[in-house]
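Residue strings, one per chain:
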Amino acid sequence: MSSSSAASRPGPPADVAPLSLCAREPHVPADRLVAEMVPPPRFDSVRFSTYIPDPGQPSQTEAVRVLEGFAAGLDGAAAGSGRRGLFGFGRAPKKAPAGPRGVYLDGGYGVGKTHLLASLWHATPAEPALKAFGTFVELTNLVGALGFQQTVRTLSGHRLLCIDEFELDDPGDTVLVSTLLGKLVEAGVALAATSNTLPGKLGEGRFAAADFLREIQGLSAHFRALRIDGEDYRHRGLPEAPPPHSDELVTRTAHTVEGASLDAFPDLLDHLAKVHPSRYGALTDGLRAVCLTGVRPVPDQSTALRLVVLADRLYDREVPVLASGLPFDRLFSEEMLTGGYRKKYFRAISRLTALARDAGRLAEAV
């Protein structure tokens, strides 16, 4: 064999030192929380025109029609901003109109609710600084970072607030969000939200929702509910969730793919308890892949809910997840999957399964 032929043969993959999520303890300043209230990278380029309704689900086509009209109607600055009136250019600020001041997309997992919400954000005729987009958790974290009054002042000049994955997990959140959204509606801010639970049923199965019925009804009054039916698009025509890989393959991939992290799953669960969920997005900064060994069922509900938030952030950022151990559909116990947070857990399974499929291409290349 000639020396030139030998030189042209590919060598073994270069060994790179993998990153570790457990070694990261990010600190996120409040101004970053505000600046990052935009659709996540996965939804940068989505538009109403790129949403493909299921022909067998007319509610999907109807949702696009309603949301396009809603966006077209937001052609003025927020009423309380002191810029231009909400309902016309150059008019004096007006009090917010009576009746629902927002739209609420209710539907199962994977029917494209976040796609539609991000499309609404993009279609609303306002500069990005006058539109905010975040998950329910990110909104409550913003209040925690800025304080209630400063959050009201910061968001009151906006034309639109989009809240993804709207859920109420405890009475404190119920009162907080009810009061916050009431203030923003008074300032003329339009609202849009997605959830797997109708607004009048928020909190059900999690706490004594009947004791907070006034707050829940107050939240419901802000929205016109749009039901979006359909099956999880992430599973339409796709194979079942891929089986887990071996520890050896996961480890080798982490040492081959630059920008990949490598952690033992139990260690990661322990680390998440030490990092506030508002920082989970920063925890994933710069990652090209997450490699996990020893996936096993989560031990308790608090741990499970933290994992749900991490799964959302990884999915938003399109970070593939390569794992060994148990498949992701066995993460949560039967009790969890039939309890008050079941919709969160099914969403996490759906999203982690999609990311596991994405990671299969990485494993094939090693």
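These figures come from a predicted structure and were not determined experimentally.

Draft legend 1. Representation of the confidence of the model for the protein in the model. Per-chain confidence: the protein averages 82 in pLDDT, with 79% of residues scoring 70 or above. Every residue in residues 205–213 is under pLDDT 50, and counting partners more than four places away or in other chains gives 19 contacts.

Draft legend 2. Representation of the nonpolar core within the structure. Counting residues in each nonpolar core, the largest one holds 63 residues, and the members touching the most others are Leu116, Leu120 and Phe332. Here this core gets 8 residues from one element, more than from any other, and that element is helix 12 (residues 301–316). Both of domain 1 (30–74 + 99–228) and domain 2 (247–364) provide at least three residues apiece to this core. Contacts of Phe332, omitting those with residues within four sequence positions, involve Val298, Ala304, Leu307, Val308, Leu337, Tyr345, Ala348 and Ile349. Ranked by size, the runner-up nonpolar core spans 25 residues in total, among them Leu139, Leu142, Val177 and Phe223.

Draft legend 3. Region of the structure containing helix 4 (residues 113–123). Taking burial as the measure, the 11 residues of helix 4 include 9 buried ones, the bulk of the element. Along helix 4, the positions that sit buried rather than exposed are Lys113, Thr114, His115, Leu116, Leu117, Ala118, Ser119, Leu120 and Trp121.

Draft legend 4. Up close: the side chain of Thr114. With respect to the helices, strands and loops of the structure, Thr114 is situated in helix 4. A distance of 2.9 Å separates the side chain of Thr114 from the side chain of Asp164, its partner in a polar contact. Dropping the residues within four chain positions of it, Thr114 is found in contact with Phe43, Phe133, Asp164, Thr194 and Arg351.

Draft legend 5. Focus on unusual backbone geometry. Despite not being glycine, Glu165 shows a phi value in the positive range, around 60°. Within the secondary structure layout, Glu165 lies in the loop between strand 3 (160–164) and helix 7 (171–186). Overall, Glu165 belongs to the buried group, its relative accessible area being 9%. Unusually for a residue other than glycine, Glu318 sits at a positive phi of about 55°. Tracing the backbone shows Glu318 in the loop between helix 12 and strand 8 (321–325).

Draft legend 6. Structural context of the packing of helix 3 (residues 58–73) against helix 4. Across the interface, helix 3 lies against helix 4 with an axial gap of 9 Å and an inter-helix angle of 25°. Taken together, the axis directions place helix 3 and helix 4 in an arrangement best described as roughly parallel. Between helix 3 and helix 4 the crossing geometry is right-handed. Judged by residue contacts, Ala63, Val64, Leu67, Phe70 and Ala71 of helix 3 engage Leu116, Leu120 and Ala123 from helix 4. Among the residues forming the contact of helix 3 with helix 4, the class breakdown is 8 nonpolar, no polar and no charged.

Thresholds, definitions, all that
Position numbers for residues start from 1 in each chain and track the written sequence from start to end. Thresholds applied to this predicted model are a pLDDT of at least 70 for local features of residues and 80 or more for the giving and counting of side-chain atom pairs; totals over whole chains, interfaces and linings are not thresholded and use all residues. Working from all heavy atoms in the structure, the side-chain values ignore hydrogens and water. Confidence per residue, as judged by the predictor, is encoded in pLDDT with a range of 0 to 100. Contact between two residues is taken to exist if any of their heavy atoms lie within 4.5 Å; hydrogens are not considered. Within this scheme, the nonpolar core is defined by two criteria: the residues are buried Ala, Val, Leu, Ile, Met, Phe, Trp, Tyr or Cys, and they are joined through side-chain atoms within 4.5 Å. Exposed residues in this analysis have more than 50% of their type's maximum accessible area, buried residues have under 20%, and partly exposed residues fall in between, with area computed by a 1.4 Å probe over protein chains only. What counts as a helix is a DSSP run of H or I of at least four residues, what counts as a strand is a run of E of at least two, and both are numbered from the N terminus. Note that domain bounds follow an automatic or database assignment of domains. We define a polar contact as two N or O atoms separated by no more than 3.5 Å, with the added condition that, inside protein, one atom must be a possible hydrogen donor and the other a possible acceptor, whereas residues neighbouring each other in sequence contribute only through side-chain atom pairs. Fitted lines through C-alpha atoms serve as axes, helices being fitted only where they are in contact, and the angles separating the N-to-C directions of these axes extend from 0 to 180 degrees. With respect to orientation, any angle under 35 degrees is reported as roughly parallel, any angle over 145 as roughly antiparallel, any angle of 65 to 115 as roughly perpendicular, and every other angle as oblique. Each helix crossing is assigned a hand: it is left-handed if the near helix lies turned anticlockwise from the far helix by less than a right angle, otherwise right-handed if that turn is clockwise. When residues are sorted by character, Ala, Val, Leu, Ile, Met, Phe, Trp, Tyr, Cys and Pro go into the nonpolar class, Asp, Glu, Lys and Arg into the charged class, and all the rest, Gly among them, into the polar class.

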